[in-house]
Amino acid sequence: MNRQQKGRTPRRPPPKKFPGSQSDPVGVYCRVRPLGQDDKECCIEVISSSTIQLHAPEGFKTNRNGEYKETQYSFKKVFGVSISQTDLFEHVAKPLVDDLISGKNGLLFTYGVTGSGKTFTMTGSPGEGGLLPRSLYMIFNSISPYQAKRYVFKTDDKNGMEVQSEVEALLERQRRDHVSIPKTPSSRQKLDPEIADMIKTEDAYQTEGVDEDSSYCVFVSYVEIYNNYIYDLLEETQDDVIKPKAPQSRSLREDQNHNMYVAGCMEVEVKSAEEAFQVFWRGQKKRKVANTRLNRESSRSHSVFIIKLAQAPLDAEGDNVLQDKNQVTVSQLCLVDLAGSERTGRTGAEGTRVREAGNINQSLLTLRTCIEILRENQMCGTSKMVPYRDSKITHLFKNYFDGEGKVRMVVCVNPNADDYEETLLVMRFAEMTQEVEVARPVERPICGFTPGRRHRNQAFKEELTRKLVERGGPIDTDFHVLTNLVQSLPPLPSSEVTDPHDDITLPRLIEALENRQRIRQTIVDEYNRKADMIRSMIQHIDSNMVSTENILQEQNVKLLEKDQLIQSGKMEIERLEKKIKTQEYKIDVLQKTTKNYEDDKRSMQQELETREQRLHRELSEKRRMEQRMQGMVTDTQHKWEKECDRRVNAMQLTMQNKLWVKDEKLKQLKAIVTESKTPGRPDPPPRQTHTAPQSQPRWQRPSREEGPPKRSASPSPLPTSTPVRPLHRRSRSAGGEKWVDHKPASNLDLGTVLQPLIPNAIHVSTPSEKTLAKCDRYVLTHQEVASDGEIETKLIKGDVMKTRGGGQSVQFTDIETLKQALTNAPGRKRRSSEGAPATGNQNDGAWTDVETRCSRAVEMRAGSKAGPGYEQHAVIKRRKP
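Let me begin by describing the structure that accompanies this report. (Residues numbered from 1 in each chain as written. Predicted model: local features only at pLDDT ≥ 70, side-chain atom pairs only at ≥ 80, totals over all residues. Heavy atoms only, no water.)

The helix and strand inventory of the protein stands at 17 helices and 30 strands. Across the 881 residues in the protein, those meeting the buried criterion constitute 33%. Taking contacts inside the protein between residues at least 6 apart in sequence as the whole, the part at least 24 apart equals 69%. Here the protein displays about 58,200 Å² of accessible surface, and carbon together with sulfur accounts for 52% of that area. (Helix = DSSP H or I, 4+ residues; strand = E, 2+ residues; numbered from the N terminus. Buried < 20%, exposed > 50% of the residue type's maximum accessible area, 1.4 Å probe, protein only. Contact = heavy atoms within 4.5 Å. Areas by Shrake-Rupley, 256 points an atom, 1.4 Å probe, with all protein chains shown as cover.)

And the structure:
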């Protein structure tokens, strides 16, 4: 047999969707235990039958408003401290027992912190039985008239149920009787004194949904989950004082219907509530219990008591159980007492108790995680995997959350203020659990036999017994009937033959036998007559039943039509209820969102008001600062105005002195130039330029005899009427060659006076091969930005040459560069006074650089002794734009 890989969940087929299938939320109930004698402060208040309120104890952390935060939680029903065990059972467990007898599964578990009353709620105490004993009494009080004989139902090892015949069951009973198997006492006098008076007989309930045409049988099993291991509490172990044997843990398996069960767990068949509770109490004594600081008998494990009810229909005669395994319906009710969550700091646990507490808290955390993911999948439509396998308690009951039965939870809380934090977590988990929905189980199919079979069989036996009593006495069974018939015949004479010649014994025996034969024949005739009479009566009854069945069929057809109408109405109601639930959920979400937005709005408004106040304070502070700074700026401005006036006056005085010195130098230069001329040599004709006006004085070249003039401290200015032209070779473009003047369309028009003039040229923006074939030379006008930021124009010249392929090519031979500068552009100019400060008057720089000085023409008489106020005429040299 191939085993599946460990830790891998087998793929479960999707559940079948039946029309009209519905789902119910997990029923969560809350029970508040009374306050202890040593407890002083209470933190829980029951407001209504479905709402409780938690008050934070004194000294506990407050919320941001500085007040104690009170929270309210709603449940399906809240049971106060004065509630009785009977009322609790009627609201919580009784519907689950009704479903159990109807063939449906159920799960009921108690949840809470340690010492909150979970075990008392589930088990109870003498005189106040809990949910478990009351469930047992209700089950047997309902099915006791219809129980099958012992061992008619037999469990297999795969969570199934088999049916045996009466003979097989009798043999099984005899075999077990011969084997020394101790029987469980069923009388109340032999019960354990601790559980003898668990409940009163008048408190036992009875369900009305019992099928009279079925036989029932009850099996119970009891396991505990300790440190995430499963142990069978009903396992028979031999007590060895010297070397005790450790209990063997059990494993979980999945049956053919994909339901989880504990493999190898002992299932005991019980016939009464006392016997079943005695079995439970025997396992309860083996459960792990320890004494802690918070609870004297604290449960250290999760206990699971499983009540399994098997029912099968009777055969057509209504006498025996139908020998068909497929017709057996098995339902179970699981009663779970979860161990309480605890903090080791409060319980004072050490060593083994710390490990037990860690495993308990981890399993409860896994349960919370599974519930959270189920809730998220149902509300958000996601398909996240639920981690059932992370804990044995969730893995065992995963079928219930997948829609195999009803789930109900009783939340037990302790109003003691010391348990406030743990109770708050329990309340949040319980409120979240209520939002998880579980699909309703499918109704089991109805057997096709005629109802009322058991009643008709009993009526027939009673009538037959009555008839036989009239004839010969009370006869209860077939064995008694045969015994009375044999006793009614005449006795046989002695058949002992002592002599071979005895002629008396044999004739006497023959006569007795003949007499018995006649009586037997009479009885047979009477029997046949009665049988024919009964047969005719049965035929008459059958004819009446056929007509009745026809009428019933007609009524059933009408009922089916009505059922269809009712089913359609239910489906519509279900759709509307689902829609209402969805809208209610959306409304709740919107209300919560609105509340959050309102809270955010209030907080933001408060923050906005705070910031506005801060902004007003900052603005007022800024105004005061501006006024202060304005006064400081005004004072500083007056101060610097006075300083600037003082410096300007000093600079003006300095510049006047410099100008006077320069004027003196110019006078000396003019006198030297005038005196150095030869009187007998005529003046050369003046050279006309486009930049000097007609009224400008003409410059005369000195004679050779006079020699070169003496150099002064500053360079001599040159008049603008005689510019020095640079010599360069003449370009070949002046000849009769034909040029291609290539000027791209992207070039800029700089508006310069000097423009290159190329005669006999073809002007193009994009040259072509046809154009190049007509010309001998090529020139490209290219513009680019120089390193000083000015636009530089280059004339790239070349020769046009023919290629071997018949095309044209250009070989560049020369580059001419045209450059211009703006008047305000900085240049490398020679200053006459390099040591002067940079902050001096700008007019001084305009007169002292060489280029400006050379563009001036000075007019004064020879030998004049004019001072700094001499007369001058000048034309500023025009620069390229």
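All right, on to unusual backbone geometry then. Phi at Asn227 is positive, roughly 55 degrees, even though this residue is not glycine. Looking at where Asn227 falls in the secondary structure, it is placed in the loop between strand E12 (214-226) and strand E13 (229-232). On the basis of relative accessible area, Asn227 is assigned to the buried category, the value being 11%. In this model, Asn760 sits at a positive phi of 55 degrees, which is unusual for a non-glycine residue. Along the chain, the position of Asn760 falls in the loop between strand E24 (739-742) and strand E25 (761-764). Asn760 gets classed as partly exposed once you look at its relative accessible area, which sits at 43%.

Here the focus is the nonpolar core. If you look at the biggest cluster of nonpolar residues, it comprises 56 residues, and the most contacted ones within it are Ile52, Phe75, Phe397 and Met427. Each residue touching Phe397, except ones within four places of it in the same chain, is listed here: Leu107, Val304, Cys334 and Val336. (Core = buried A, V, L, I, M, F, W, Y, C linked by side-chain atoms within 4.5 Å.)

Here we come to the sheet that holds strand E5 (residues 71-74). An order of E3-E4-E5 is seen for the three strands of this open sheet, with the pairing classed as antiparallel. Each having just a single partner strand, strand E3 (44-46) and E5 make up the two edges of the open sheet. This sheet shows a mean twist of 25 degrees between the axes of neighbouring strands, independent of strand direction. Both E3 and strand E4 (residues 51-54) contribute to a ladder of three bridges, which runs antiparallel. What sits directly across from Ile44, in E4, is Leu54. (Pairing = 2+ DSSP bridges. Axes fitted to C-alpha atoms, helices over the stretch in contact; angles between N-to-C directions.)

All right, on to the sheet that holds E24 then. With respect to topology, five strands assemble into an open sheet ordered E25-E24-E26-E27-E28, the strand pairing being mixed. Each edge of the open sheet carries a strand with a single partner, namely E25 and strand E28 (808-819). Going across the sheet, the axis of each strand differs from the next one's by a mean of 25 degrees, ignoring polarity. With eleven bridges joining them, strand E27 (residues 791-802) and E28 adopt antiparallel strand pairing. From the neighbouring strand, Asp799 faces E28, where its bridge partner is Gln811.

Turning to the pattern of salt bridges, a few remarks are in order. Counted according to the given criterion, the structure contains 27 salt bridges. Salt-bridge contacts for Lys271 lead to Glu269; the nearest nitrogen and oxygen are separated by 3.1 Å. Glu269 gets classed as buried once you look at its relative accessible area, which sits at 8%. A salt bridge links Asp599 to Arg602, with the shortest nitrogen-to-oxygen separation between them at 2.2 Å. (Salt bridge = Lys/Arg side-chain N within 4 Å of Asp/Glu carboxyl O.)

A word on the packing of helix H2 (residues 94-101) against helix H4 (residues 131-143). Between H2 and H4, the shortest axis-to-axis distance is 10 Å and the interhelical angle comes to 40 degrees. One finds that H2 runs oblique with respect to H4. Classified by chirality, the crossing of H4 by H2 is right-handed. Residue-level contacts link Lys94, Val97, Asp98, Leu100 and Ile101 of H2 to Ser135, Met138, Ile139, Ser142 and Ile143 of H4. (Parallel < 35°, antiparallel > 145°, perpendicular 65-115°, else oblique. Left-handed = near helix turned anticlockwise from the far one by under 90°.)

Counting across every chain of the model gives ten aromatic pairs. Summarising the aromatic geometry, the rings of Tyr222 and Phe280 are spaced 5.0 Å apart at their centres and angled 40 degrees between planes, so their arrangement reads as tilted. One end of the pair, Tyr222, is in strand E12; the other, Phe280, is in helix H6 (residues 273-284), with 58 residues separating them in the sequence. One exposure class covers both Tyr222 and Phe280, and it is buried. (Phe/Tyr/Trp six-rings, centres within 6.5 Å; stacked < 30°, edge-to-face > 60°.)

All right, on to the pairing of E24 then. Every second residue of E24 is oriented toward a common face, with Trp739 and Asp741 on one face and Val740 and His742 on the other, all of them buried. Both E24 and E25 contribute to a ladder of four bridges, which runs parallel. Within the sheet, the bridge partner assigned to Val740 lies in E25 and is Ile762. Where E24 lies against strand E26 (residues 777-785), four bridges are found, and the strand directions are parallel. Bridge pairing links Asp741 to Val779 in E26.

Moving on: H2. Most of H2 sits out of view: six of its eight residues are buried. What H2 keeps buried is the set Leu96, Val97, Asp98, Asp99, Leu100 and Ile101.

For the pair H4 and H6, the least separation of the axes is 9 Å and the interaxial angle reads 150 degrees. As far as their axial angle goes, H6 and H4 are roughly antiparallel. For H4 against H6, the interelement crossing comes out right-handed. Contact with H4, carried on its side by Leu132, Pro133, Leu136, Tyr137 and Phe140, involves Ala273, Glu274, Ala276, Phe277 and Phe280 of H6 and no other residues of that element. Along the lines of polarity and charge, the residues of the contact of H4 with H6 split into nine nonpolar, no polar and one charged. (Nonpolar A, V, L, I, M, F, W, Y, C, P; charged D, E, K, R; others polar.)

This part covers the pairing of strand E22 (residues 405-413). Burial runs high along E22: eight of the nine residues are buried. Sheet analysis places strand E2 (residues 27-32) next to E22, joined by six bridges and oriented parallel. When the bridges of E22 are listed, Tyr29 appears paired with Val410. One ladder, built from eight bridges, connects strand E7 (residues 105-112) with E22; its direction is parallel. Each residue of the ladder has a partner; that of Leu107, found in E22, is Val407.

Along the chain, the position of Phe429 falls in helix H11 (residues 420-433). For the pair Phe429 and Arg368, spaced 61 residues apart in sequence, the C-alpha separation works out to 6.8 Å. The residues touching Phe429, leaving out its near neighbours within four places in the chain, are Tyr111, Leu367, Arg368, Ile371 and Met409.

Helix length check: H4 (13 residues) gives 19 Å between terminal C-alpha atoms against 18 Å at 1.5 Å per residue, within 8%. With twelve of its 13 residues buried, H4 lies for the most part within the structure. Inspection of H4 places Leu131, Leu132, Pro133, Arg134, Ser135, Leu136, Tyr137, Met138, Ile139, Phe140, Ser142 and Ile143 among the buried residues, and these make up the whole buried set. (Expected span 1.5 Å × (residues − 1).)

Looking now at the side chain of Lys104. Mapping Lys104 onto the fold places it in the loop between H2 and E7. Residues contacting Lys104, with those up to four places away along its chain left out, are Asp99, Ser331, Gln332, Pro441 and Glu443.

Together, Phe460, Leu464, Met533, Ile534, Met537, Ile538 and Ile541 make up an exposed nonpolar region whose accessible area comes to about 610 Å². Secondary-structure elements contributing two or more residues to the nonpolar patch are helix H12 (453-472) and helix H14 (505-675). Per-element accounting of the nonpolar patch gives the leading share, five residues, to H14. Residue placement: Met537 occurs in helix H14. Residue class for Met537 comes out partly exposed when judged on its relative accessible area of 46%. (Patch = residues over 30% accessible without salt bridge, like charges linked within 9 Å, V, L, I, M, F, W, Y side chains within 5 Å.)

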